[in-house]
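Chain by chain, the residues:
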Amino acid sequence: AFAVGAQEWDPDVSGCEAALERFFFNGVESRANLQRLYFDREGRVAMSAFLNEDGSERSRKVYRYDELGELVEFSIWDRDGASWRRWWHALAERRLEGGVYTYTERTSRYAEAPRETRVVKKDASGRLLYEAERGYDESYSIRTYNDRGDLAEERYENEKSGGPVAESFAYRYEGGLPTRVERSRKGVPVELVENAYVDGLLASSALRNLASGAESSIAFEYAAGRLVRKTWLGAAGERRYELYYEYDGRGRLLVSGEKAEGYDRYWRYDYE
């Protein structure tokens, strides 16, 4: 099986499929953002490298996964003359207790001592139970999930939150799918989301701000079962923002983009 050691800057990627990622803004390519991605046999990114305009590498990101598919090691390397320097390293330790896998990730920058940055808990089936993340700027997010794997509670604080925030989510399910979601903040309902499905795929979400009464919606479009467009619409149906995707016949991502008034930026993937 293909494996990569993230403690090394030059892993064996001979068993990987490579794609050149190119970035465009309003139709103009930025050659400063060239990146080559290496995908393992499971389609996960094993390594990526940012390229200079002449094709030489200036930085590398290296990934390692365990047998359950969880990312357990990640590092970033910058070129330092003829050698490479690792300045970011995240390593997760796994513990199994009572049928629950707990991943505790510690991250170090440069020569700093490692600090705990993420904790993830999953059951034996891979269902997410709990996530906690803490940034170097002291921002944090703590999320717990219900027995269906949907977000039940979240507590967070960041530069835009205006202080600590606590939210909870209540669901109504029909046919095993969440058709109604009520989001509450400090026990007060603040948003209602009503979902509609077609052939088991989410087709639309209607959102209503319960404080102001403002309404909006999100529309989803698929091709061959894959999401190709996600569009945010105003109350009158006007397009505000959209994400879009294109795939080849093998299901590989060819284009990933976002569009709003005045700009259209996207990433194109050329497989080698």
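Above this text sits the structure in question.
So, a few notes on the structure that sits alongside this text. (Residues numbered from 1 in each chain as written. Predicted model: local features only at pLDDT ≥ 70, side-chain atom pairs only at ≥ 80, totals over all residues. Heavy atoms only, no water.)

## Let's talk about the overall build of the chain
Now for step 1: Within the chain, the regular secondary structure consists of 0 helices and 20 strands.
Now for step 2: Across its three principal axes, the chain shows a C-alpha extent of roughly 60 × 50 × 35 Å.
Now for step 3: Classification of the 272 residues of the chain by burial places 36% in the buried group.
Now for step 4: Contacts spanning at least 24 positions in sequence make up 20% of the contacts within the chain whose residues lie at least 6 apart.
Now for step 5: When the accessible surface of the chain is totalled, it reaches about 15600 Å², and 47% of it is carbon and sulfur.
Now for step 6: Between the averaged position of the 42 positive side-chain charges in the chain and that of its 50 negative side-chain charges there is a distance of 1 Å. (Helix = DSSP H or I, 4+ residues; strand = E, 2+ residues; numbered from the N terminus. Buried < 20%, exposed > 50% of the residue type's maximum accessible area, 1.4 Å probe, protein only. Contact = heavy atoms within 4.5 Å. Areas by Shrake-Rupley, 256 points an atom, 1.4 Å probe, with all protein chains shown as cover. Lys, Arg positive; Asp, Glu negative; His and termini not counted. Charge placed at Lys NZ, Arg CZ, Asp CG, Glu CD.)

## What about the nonpolar core?
Now for step 1: One finds Val 13, Cys 16, Ala 18, Tyr 38, Ala 46, Met 47, Val 62, Trp 77 and Trp 84 forming the largest nonpolar core, which totals 9 residues.
Now for step 2: Apart from the residues lying within four places of it in its own chain, the contact partners of Trp 84 are Trp 9, Glu 57, Arg 58, Ser 59, Arg 60, Trp 77, Asp 78 and Arg 79.
Now for step 3: If you look at the next biggest cluster of nonpolar residues, it comprises 8 residues, including Val 181, Leu 207, Ile 218 and Phe 220. (Core = buried A, V, L, I, M, F, W, Y, C linked by side-chain atoms within 4.5 Å.)

## So, the pairing of strand 9 (residues 128-134)
When a strand is regular, its side chains alternate between the sheet's two faces.
Now for step 1: As paired strands, strand 8 (residues 115-123) and strand 9 are joined by 5 bridges and run antiparallel to one another. Directly across from Lys 122, in strand 9, lies its bridge partner Leu 128.
Now for step 2: Here strand 8 folds back onto strand 9 in antiparallel fashion, the turn holding 4 residues, of which Gly 126 has a positive phi close to 95°.
Now for step 3: In the sheet, strand 9 pairs with strand 10 (residues 140-145) via 5 bridges, with the strands oriented antiparallel. Residue pairing for strand 10: Arg 134 is matched across the bridge by Tyr 140.
Now for step 4: Here strand 9 folds back onto strand 10 in antiparallel fashion, the turn holding 5 residues, of which Glu 138 has a positive phi close to 70°. (Pairing = 2+ DSSP bridges.)

## Considering the packing of aromatic side chains
To describe a pair of aromatic rings, one takes the distance between the centres and the angle between the planes.
Now for step 1: On inspection of all chains with the given rule, the structure shows 11 aromatic pairs.
Now for step 2: Measuring from centroid to centroid gives 4.9 Å for Phe 24 and Tyr 266, while their planes differ by 10°, and the two rings are stacked. Here Tyr 266 lies in strand 20 (residues 263-271) and Phe 24 lies in strand 1 (residues 17-25), a separation of 242 residues in the sequence. For the pair formed by Phe 24 and Tyr 266, the shared burial category is buried.
Now for step 3: Taking 5.7 Å as the distance between ring centres and 25° as the angle between the ring planes, the aromatic pair formed by Tyr 171 and Tyr 173 counts as stacked.
Now for step 4: A relative accessible area of 21% means that Tyr 173 is categorised as partly exposed.
Now for step 5: A cation sits over an aromatic face here: Arg 148 above Tyr 173, 3.9 Å from the ring centre. (Phe/Tyr/Trp six-rings, centres within 6.5 Å; stacked < 30°, edge-to-face > 60°. Lys NZ or Arg CZ within 6 Å of the ring centre and 35° of its normal.)

## Things to note about the pattern of salt bridges
Pairing between side chains becomes possible if they bear opposite charge and their charged atoms approach one another.
Now for step 1: Within this structure, the stated rule accounts for 35 salt bridges.
Now for step 2: Two residues, Arg 60 and Glu 57, come together in a salt bridge whose shortest N-O distance is 2.4 Å. The pair formed by Arg 60 and Glu 57 is uniform in burial state, with each residue classed as buried.
Now for step 3: Lys 122 is the salt-bridge partner of Glu 70, the closest N and O atoms lying 2.7 Å from each other. Remark: Lys 122 occurs in strand 8 and Glu 70 occurs in the loop between strand 4 (57-65) and strand 5 (71-80); sequence separation between them is 52 residues.
Now for step 4: Each of the salt bridges in this network shares a partner with another, and the network as a whole consists of Glu 70, Arg 118, Lys 122, Glu 131, Glu 133, Arg 143 and Glu 154. (Salt bridge = Lys/Arg side-chain N within 4 Å of Asp/Glu carboxyl O.)

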